[in-house]
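Commentary on secondary and tertiary structure
Listed below are the residues making up each chain.
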Amino acid sequence: MGDLTADVLVIGGGTAGFGAAVAAGRLGLDVVLLEAGTKVGGVMAFCPGMPWGAAYPQGESIGGLMQELEGRLMAMDPPMAEKRPCTLENFGPEIQYDHDAATTMMFEMLEEAGVRVFLGAVAIAPVMEADRIAAVEFFDRRGPQRIAARIVIDCSGDGDISAKAGVPFTLGDGRGNMMAVTLSFFMEGADWDRVFAENDPYFRRYAAKGIVEGRLHPHLAQLYLMKGFHRGTVFCNSVAIRGVDGTNPADVTRATQEGRRRCLQLAQFLRSDVPGFEAAHMSQLGPTVGVRETRKLEGVYKVTGADLAAGTKFADGIVACDNPIDDVMRTSDQMTHDAMVERGGYYTIPFRSLLPKAVANLMFAGRILSADLVAFASVRGMPQCMAMGQATGTAAHLAIRDGIPVQQVDRAELVAMLIRQGVSRLG
């Protein structure tokens, strides 16, 4: 078994893990990032083309690494990202981008920060010493490995290492019901003017016809189609599969194959029945389903829907958000986009919801944060996950500098550091 050491170990290379690793690396820490897949980005890698929603609460950028990444892409010649309004009710502006340019830029930012990135590396188990994670066992194609780190940041999306370290959690709604998973794809060569002539982002009239005729799955009553970044491309974020446990590899495999069948069926239907798709073809079918929800870890503070609905600005708030309650097919085929806060309002996500109560050198970020069902449905946007990661990476610096458990990090100093890093503090 190989042995490695680092100041900070980040598990998972999604937007949260990217934010954590870059932030910690820029503060001079030796950082290792373990990513089980072949790309960074998480949902970006599983659902190429998924826009960055919730990046502009109340029309202002959340700032920090998200704004920097967007700015770098916009500064390319030609630009590889742009801000657009969302076509769905209660959602603010979102960022559309070129997928390959974005993931390449993320790798470059990790390189610049000195982060050691291990792709195809799966974290297996923590090695505990009293109330600390002394090391984490993982494997890659070389075989079993072990890395000892002073701070561990779990950005895995499923919280597996945190759970094995003894952090209590809730799976889905506590009864095992989780939001549906999604397989996405693009249609290329579409005529935007004709495709979007009816101004219905869900194409309900066409979907109803396809279902009645038995040519579309009954769960495809809403075909969410949006303009891709490049002219003539349409991003199809429509195929959702219910009843999938995202922590179960067999479930994910089954859902991915079922998703492929539904995506191919939908692509054929679009070509034959929806004006503007006659000459289009499918591309960039996701390599696996995108998982929205698995474990919610128990933190020092559980953020609640009531907190967010009240527009709470926590003293240790690390990112602003006004995203609606985006709940997708948890126990039925229904989806919600109900407003989370009153128009003109916003809330912040507290750093305490990223801390376990007992493990002294562990933090977590992204969609495994400590939150109830309603809050979770609002806070899970990729920009917010990136900001959560940035907060934990910065907090790792403070914990190591002061030789203290992460729970004792000076939260006022953390917030001040994030502001200096460009994170927006609305209000």
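See the structure shown above.
Now for a quick tour of the structure. All values reported here derive from a predicted model rather than from experimental measurement. Chains are numbered independently. Their residues run from 1 in the order of the written sequence. Per-residue local features are limited, in this predicted model, to residues with pLDDT of at least 70; the limit for side-chain atom pairs, both in listing and counting, is 80 or more; totals at the level of whole chains, interfaces and linings are taken over all residues. Neither water nor hydrogens contribute to the side-chain values; these are computed over all heavy atoms in the structure.

1. So, the overall build of the chain
Note the threshold: Numbering of helices and strands starts at the N terminus; helices are DSSP runs of H or I of at least 4 residues and strands are runs of E of at least 2. The atom set for the radius of gyration is the C-alpha atoms, and the globule formula is 2.2 Å times the number of residues raised to the power 0.38. Whether a residue is buried, partly exposed or exposed follows from its accessible area with a 1.4 Å probe, protein chains only, as a fraction of its type maximum: under 20%, in between, or over 50%, in that order.
For the chain, the helix and strand inventory stands at 12 helices and 20 strands. Against the globule reference of 22 Å for 427 residues, the chain gives a C-alpha radius of gyration of 21 Å, in line with a compact fold. Structurally, the chain occupies a C-alpha span of about 65 × 50 × 45 Å along its principal axes. Buried positions account for 59% of the 427 residues belonging to the chain.

2. With respect to the sheet that holds strand β13 (residues 233-241)
The test is simple: A pair of strands is labelled paired if DSSP reports no fewer than 2 bridges between them. Axis definition: a line fitted to C-alpha atoms, limited for helices to the stretch in contact. Angles are taken between N-to-C directions and run from 0 to 180 degrees.
Spatially, the four strands line up as an open sheet ordered β12-β13-β11-β14, and their pairing is antiparallel. Where the open sheet ends on each side, the last strands, each with one partner, are β12 (225-227) and β14 (281-283). Strand after strand, the sheet turns through a mean of 35° between neighbouring axes, direction not considered. Pairing of β12 with β13 involves three bridges; the strand directions are antiparallel. Bridge assignment links Leu225 to a residue of β13, and that residue is Cys236.

3. Remarks on the layout of surface pockets
Quick reminder of the rule: Cavities and pockets were defined on a 1 Å grid built from protein atoms only: a cavity is a group of points that admits a 1.4 Å probe but offers it no way out, a pocket is an open group of points flanked by protein on both sides within 12 Å along at least five of seven lines, and a lining residue is one with an atom within 4 Å of any such point. Grid points are joined across faces, edges and corners, and a volume is the space filled by probe spheres set on the points. The nonpolar class holds Ala, Val, Leu, Ile, Met, Phe, Trp, Tyr, Cys and Pro. Asp, Glu, Lys and Arg form the charged class, and all remaining residues, Gly among them, are polar.
In this structure, the second largest pocket encloses a volume near 370 Å³. Along the wall of the second largest pocket there are 20 residues; nearest its centre are Thr87, Phe196, Leu225, Met226 and Lys227. Breaking the lining of the second largest pocket down by element, the ones donating at least two residues are β5 (94-97), α7 (204-212) and β12. The residue inventory of the lining of the second largest pocket, partitioned by class, reads 10 nonpolar, three polar and seven charged.

4. Considerations on the pairing of strand β2 (residues 31-35)
Burial runs high along β2: five of the five residues are buried. Residues Val31, Leu33 and Glu35 of β2 are buried on one face, and the alternating residues Val32 and Leu34, pointing to the opposite face, are buried as well. Summarising the sheet, β2 and strand β6 (residues 116-119) pair through four bridges and their orientation is parallel. Across the sheet, the residue bridging to Leu34 is Phe118, located in β6.

5. As for the side chain of Glu70
To keep it simple, the criterion reads: When charges are counted, Lys and Arg contribute as positive and Asp and Glu as negative, whereas His and the chain ends are disregarded. Salt bridges are defined by distance alone: a side-chain nitrogen of Lys or Arg within 4 Å of a carboxyl oxygen of Asp or Glu.
Within the fold, Glu70 resides in helix α3 (residues 64-74). Buried and unpaired, Glu70 has no salt bridge, with Lys83 as the nearest side chain of opposite charge at 7.0 Å.

6. Comments concerning empty space enclosed by the protein
Here the structure, examined in full by the defined rule, presents one cavity of 30 Å³ or more. Every residue along the wall of the largest cavity is listed here: Ile62, Gly63, Gly64, Leu65, Met66, Val319, Met386, Ala387, Gln390 and Val423. Contributing elements (two or more residues each) for the lining of the largest cavity: α3 and α11 (382-402). Here the lining of the largest cavity is built from residues that sort into seven nonpolar, three polar and no charged.

7. With respect to the packing of helix α1 (residues 15-26) against α11
Stated formally: By definition, any crossing whose near helix is turned counterclockwise from its far helix by less than a right angle is left-handed, and any crossing with a clockwise turn is right-handed. Working rule for contacts: check all heavy atoms of both residues, and any pair within 4.5 Å makes them a contact.
Contact geometry for α1 and α11: axes closest at 6 Å, N-to-C directions at 30°. Between α1 and α11 lies a crossing of right-handed hand. In this structure, α1 uses Thr15, Ala16, Phe18, Gly19, Ala20, Ala23 and Ala24 to contact α11, whose residues at the interface are Met382, Cys385, Met386, Gly389, Gln390, Thr392, Gly393 and Thr394. In the contact of α1 with α11, the residues fall into eight nonpolar, seven polar and no charged.

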